[in-house]
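Okay, here's what each chain looks like letter by letter:
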Amino acid sequence: MRRAVCPGSFDPITNGHLDIIERASKLYDVVHVVVAINPNKQGMFTTEERIGLIEEVTAPLGNVVVESHHGLLVDFCRERGIPAIIKGLRAVSDFDYELQMAQMNNGLTGVETLFVPTSPTYSFLSSTLVKEVAAYGGDVSHLLPPTVHDRLVERIAERRAAQ
Ligand code: PNS
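Note that the structure is a prediction, hence the values are computed from the model and not measured.

## Details of the packing of aromatic side chains
Aromatic rings in a pair are described by how distant their centres are and how their planes are angled relative to each other. For the structure shown, the criterion picks out one aromatic pair. We note R80 situated over the ring of F76; from NZ or CZ to the ring centre the distance is 3.7 Å.

## Some thoughts on the pattern of salt bridges
On inspection of all chains with the given rule, the structure shows twelve salt bridges. Between K131 and D11 there is a salt bridge whose closest N-O contact spans 2.9 Å. In this pair, K131 is assigned in helix α5 (residues 127-135) and D11 in the loop between β1 (3-8) and α1 (15-27), connecting sequence segments 120 residues apart. R151 is the partner of E154 in a salt bridge, and the nearest nitrogen-oxygen pair spans 2.5 Å. Taken together, the positions of E154 and R151, both in helix α6 (residues 146-162) and three residues apart, correspond to about one turn of that helix.

## Side note on a nonpolar patch on the surface
The grouping of L72, M104 and L108 at the surface amounts to a nonpolar patch, some 310 Å² of accessible area in total. Tracing the backbone shows L108 in helix α4 (residues 92-109). According to the relative accessible area criterion, L108 is partly exposed, its value standing at 44%.

Each value, and the rule that gives it
Residues numbered from 1 in each chain as written. Predicted model: local features only at pLDDT ≥ 70, side-chain atom pairs only at ≥ 80, totals over all residues. Heavy atoms only, no water. Phe/Tyr/Trp six-rings, centres within 6.5 Å; stacked < 30°, edge-to-face > 60°. Lys NZ or Arg CZ within 6 Å of the ring centre and 35° of its normal. Salt bridge = Lys/Arg side-chain N within 4 Å of Asp/Glu carboxyl O. Helix = DSSP H or I, 4+ residues; strand = E, 2+ residues; numbered from the N terminus. Patch = residues over 30% accessible without salt bridge, like charges linked within 9 Å, V, L, I, M, F, W, Y side chains within 5 Å. Areas by Shrake-Rupley, 256 points an atom, 1.4 Å probe, with all protein chains shown as cover. Buried < 20%, exposed > 50% of the residue type's maximum accessible area, 1.4 Å probe, protein only.

In short, geometric facts, not functional conclusions.
Written as C-alpha cells, this is what we have:
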C-alpha cells in the first residue's frame, strides 16, 4: 500500500490545494491530508471545520483520509510508517522555505518530500489572499470549491455581524 501525506493549514482548502491532492491521489493508493494545528494562529475556520470541508470536497476521489496533527509532521509520518510528503510549488518564491523544510524533515527521520508544480491557473492562489479578497467583497468563487466558497462567505458575514 503506497501512502503519502499532503500537509497544510487549509484555512480553508482552495482549488489549488485540491489540484495537488487530486494529483497525489492518482499517484498513491492512499493520501493522508493532514491539517497541521498551530495553536499560535487564530484561523478563519476551526480544525474540525477545515477537516469537514476537506472531507466533503475530496470524497469523490475515494482514497483520501483527512486528519489533524499537533506537532511535527515527521512524527505523524513516522507513527504511521508513511514515507513521503507531497507539496505543491506555486512559484520560485515558495522554493526556499519548502527546500529548508524538506531537508530538515529528511534529516530528522528520512522522510522524502516530493514537489508537484501547481497548475499555472492557481500559481497566485493562497488561502490568505482568498480570505482578504473575499472580506473586501471581491469575487473568489472561481478559486474555491462551491461548498467552501459558501462557508467562507457565511463566516465573513457572521464575523461582520458580531463586530
Ligand atoms: O499551508 P501551510 O501553512 O503553508 O503549511 C505549512 C505546514 C503546515 C505544512 C508546515 O508548517 C508544517 O509541516 N507544520 C507542522 C509542524 C512541523 O513539522 N514543523 C517543522 C517543519 S520543518
